[in-house]
Amino acid sequence: IGSTKVVLLSNSCGEGDDINATFNDAANPLTSSERLRELEGFETDMGYEIDNLLAKNPSSPSELLQSLSEKEEQLGTLVALVSNKNVSINTLNRIASKISSQGGGSREILITSLKKNPRIVSGEYSFKELSSGKLVIFSGKEAHTLTLNR
């Protein structure tokens, strides 16, 4: 996590796990998929920061990202997921639906984060915001419509 200093916090992931190693593993793109899956839901006094790091990790497998997307109370995790290259279009649909139902600035946050997704940047996925408030994400020849309430 760069130069951020981590203090020892509560650990419910299992005995013997060091919190510093846990944060580093969650953020490190070289961490194995198996270890990343183990860290989902790791509890600290900092809330769901481990899930946020997993959501940002470019090595997190799509199944883990899909599972994280089901934690709709974790807005920061959902926003981080949208910019991860491994997130599927189905998961993007789920996230967009959850964020749009929360109102406020969530819509703008979603679009800003979506623009950072490497698959959007590379052109593998593209999206268009329609005047109706829907966001259409294209992958190849398929289009998926996300209803985002204004």
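## Here we look at helix α3 (residues 49-56)
For α3, a buried count of 6 out of 8 residues is recorded, marking the element as mostly surrounded by other parts of the structure. Along α3, the residues that are buried comprise I50, D51, N52, L53, L54 and A55. Residues of α3 that are buried sit in contact with α1 (19-27), α2 (33-39), α4 (62-69) and α5 (75-82).

## What to know about the side chain of T91
Position of T91 among the secondary structure elements: in helix α6 (residues 89-102). Taking relative accessible area as the criterion, T91 reaches 1% and is therefore assigned buried. A distance of 3.0 Å separates a polar atom in the side chain of T91 from a polar atom in the side chain of S88. Contact partners of T91, with chain neighbours within four places excluded, come to L65, Q66 and S69.

## Topic: the nonpolar core
Ranked by size, the top nonpolar core spans 27 residues in total, and within it I50, L54, L68, L81, L92, I95 and L114 carry the most contacts. Non-local contacts of I95, meaning those with residues more than four positions away in its chain, are made with S69, L78, L81, V82, V87 and L110.

## What to know about the pattern of salt bridges
Enumeration over the complete set of coordinates arrives at 6 salt bridges. Its salt-bridge partner being R35, residue D25 comes within 2.8 Å of it at the nearest N-O pair. Taken together, the residues D25 in helix α1 and R35 in helix α2 connect sequence positions 10 residues apart. With a closest N to O distance of 3.7 Å, E124 and R119 form a salt bridge. Here the salt bridges share partners, and the residues they tie into one network are D25, R35 and E38.

What counts, and at which threshold
Residues numbered from 1 in each chain as written. Predicted model: local features only at pLDDT ≥ 70, side-chain atom pairs only at ≥ 80, totals over all residues. Heavy atoms only, no water. Buried < 20%, exposed > 50% of the residue type's maximum accessible area, 1.4 Å probe, protein only. Helix = DSSP H or I, 4+ residues; strand = E, 2+ residues; numbered from the N terminus. Contact = heavy atoms within 4.5 Å. Polar contact = N/O pair within 3.5 Å; in protein donor to acceptor, adjacent residues only side chain to side chain. Core = buried A, V, L, I, M, F, W, Y, C linked by side-chain atoms within 4.5 Å. Salt bridge = Lys/Arg side-chain N within 4 Å of Asp/Glu carboxyl O.

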